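Chain by chain, the residues:
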Amino acid sequence: MKYLENFSNTIYKTMSARFTASRRMKRSRDASKVCEAMFSASIIAISLIALQNPQKEVADMISAFTIILSTFLLVLSLLFSGLNYDKRMENYHACGNELNRLYRLIKHDINVLCDEEQEKKEIDYINQYEEILSKYNLNQTSFDYQYALLGDTDKHPLKWLWFQVRYYIFDVYLLYWTIAIVPTVGVVWYFLRYLVY
């Protein structure tokens, strides 16, 4: 085995995890925007329910409920903007690109240099690797790392399915879609019940 082979594998794994984290940030950003839009539409729909209900007590209760939901939406918006999905996505991706360049340089040297020359260059490559990591001052989750390596190893089909479900549903979409859908389902249920009676 060539001298730099193990180190290039380390860089490859980190690079893959950073790209995975970047995609997760993009999905989280998009899901949070859809969540806010759906929640806002639900608040407007609930306000319309108050207009069509002739009983003042019910209309007042619905108005108070929409004020509570609007406050909740404001808090959600502040929380989502504080998570800096765009900046984190860009940083993960930029870090992955720099690691990719370093990985390609090392792979080139593995193919053309002898072990002694590789040994001389290893410290320089380690320093470059550490500089890239410290420059972006972020880290992926352990699940990003495991998911990134999913294609490189033989996984049991059930384990592969669990990784997909966790990546696409639990780690990204579940919370946002719950926040978006629950008020919408409540509004639809109200109008369907109104139409039936």
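Just so we're clear, the structure is a prediction, and the values are computed from it rather than from any experiment.

Caption draft 1: Region of the structure containing the confidence of the model for the protein chain. Per-chain confidence: the protein chain averages 83 in pLDDT, with 91% of residues scoring 70 or above. Per-element mean pLDDT across the protein chain ranges from 76 in helix H6 (residues 157–196) up to 93 in helix H3 (residues 85–112).

Caption draft 2: Summary view of the nonpolar core. Ranked by size, the top nonpolar core spans 40 residues in total, and within it Ile-11, Leu-99, Leu-102, Ile-106 and Tyr-129 carry the most contacts. Residue assignment for this core shows that the elements contributing at least two residues are helix H1 (5–52), helix H2 (56–82), H3, helix H4 (115–136) and H6. In terms of residue count, the dominant contributor to this core is H1 (14 residues). Look past the residues within four positions of Leu-102 in its chain and what remains in contact with it is Ile-11, Tyr-125, Gln-128, Tyr-129 and Ile-132. Formed by 5 residues, the second largest nonpolar core is a distinct cluster that contains Phe-143, Tyr-147, Leu-150 and Phe-163.

Caption draft 3: Quick look at the packing of H1 against H4. At a minimum axis separation of 11 Å, H1 and H4 run at an interaxial angle of 15°. Put simply, H1 runs roughly parallel to H4. Along this stretch, H1 crosses H4, giving a crossing that reads as left-handed. When H1 is examined against H4, the residues Phe-7, Thr-10, Ile-11, Thr-14 and Arg-18 are found in contact with a partner set consisting of Tyr-125, Ile-126, Tyr-129 and Leu-133. In the contact of H1 with H4, the residues fall into 6 nonpolar, 2 polar and 1 charged.

Caption draft 4: Summary view of the pattern of salt bridges. All told, the structure shown has 7 salt bridges when counted by the stated rule. Ionic pairing is found between Asp-30 and Arg-29, a salt bridge with its closest N-O pair at 2.9 Å. In this structure Asp-30 comes out as partly exposed when scored by relative accessible area, which is 29%. Residues joined by salt bridges that share partners form a network here, namely Lys-26, Arg-29, Asp-30 and Asp-86.

Caption draft 5: Broad picture of H3. In a regular helix each residue adds 1.5 Å, so 28 residues correspond to 40 Å; H3 covers 41 Å between its end C-alpha atoms and thus fits that length. Taken as a whole, H3 has its buried residues at Tyr-85, Met-89, Tyr-92, Cys-95, Gly-96, Glu-98, Leu-99, Leu-102, Tyr-103, Ile-106, Asp-109 and Ile-110.

Caption draft 6: Examining the side chain of Arg-18 more closely. Relative to the helices and strands, Arg-18 resides in helix H1. Despite being buried, Arg-18 has no salt bridge partner; Asp-144 is the closest side chain of opposite charge, sitting 7.9 Å away.

Caption draft 7: Layout of a nonpolar patch on the surface. There is a patch of nonpolar side chains on the surface, built from Val-34, Met-38, Trp-177, Ile-181 and Val-185 and spanning about 390 Å² of accessible area. Listed by contribution, the elements that provide at least two residues to the nonpolar patch are H1 and H6. Tallying contributions element by element places H6 first for the nonpolar patch, with 3 residues. Tracing the backbone shows Trp-177 in helix H6. Using a relative accessible area of 36% as the deciding quantity, one classes Trp-177 as partly exposed.

Caption draft 8: Representation of the environment of Leu-51. Mapping Leu-51 onto the fold places it in helix H1. In this structure the C-alpha to C-alpha distance between Leu-51 and Trp-160, which are 109 residues apart in sequence, comes to 50 Å.

Caption draft 9: Seen up close, the environment of Leu-102. Within the element layout of this structure, Leu-102 appears in helix H3. Spatially, the C-alpha atom of Leu-102 lies 44 Å from that of Phe-39, the residues being 63 residues apart in sequence.

Basis of the calculations
Residues numbered from 1 in each chain as written. Predicted model: local features only at pLDDT ≥ 70, side-chain atom pairs only at ≥ 80, totals over all residues. Heavy atoms only, no water. pLDDT = per-residue confidence, 0-100. Helix = DSSP H or I, 4+ residues; strand = E, 2+ residues; numbered from the N terminus. Core = buried A, V, L, I, M, F, W, Y, C linked by side-chain atoms within 4.5 Å. Buried < 20%, exposed > 50% of the residue type's maximum accessible area, 1.4 Å probe, protein only. Contact = heavy atoms within 4.5 Å. Axes fitted to C-alpha atoms, helices over the stretch in contact; angles between N-to-C directions. Parallel < 35°, antiparallel > 145°, perpendicular 65-115°, else oblique. Left-handed = near helix turned anticlockwise from the far one by under 90°. Nonpolar A, V, L, I, M, F, W, Y, C, P; charged D, E, K, R; others polar. Salt bridge = Lys/Arg side-chain N within 4 Å of Asp/Glu carboxyl O. Expected span 1.5 Å × (residues − 1). Lys, Arg positive; Asp, Glu negative; His and termini not counted. Patch = residues over 30% accessible without salt bridge, like charges linked within 9 Å, V, L, I, M, F, W, Y side chains within 5 Å. Areas by Shrake-Rupley, 256 points an atom, 1.4 Å probe, with all protein chains shown as cover.

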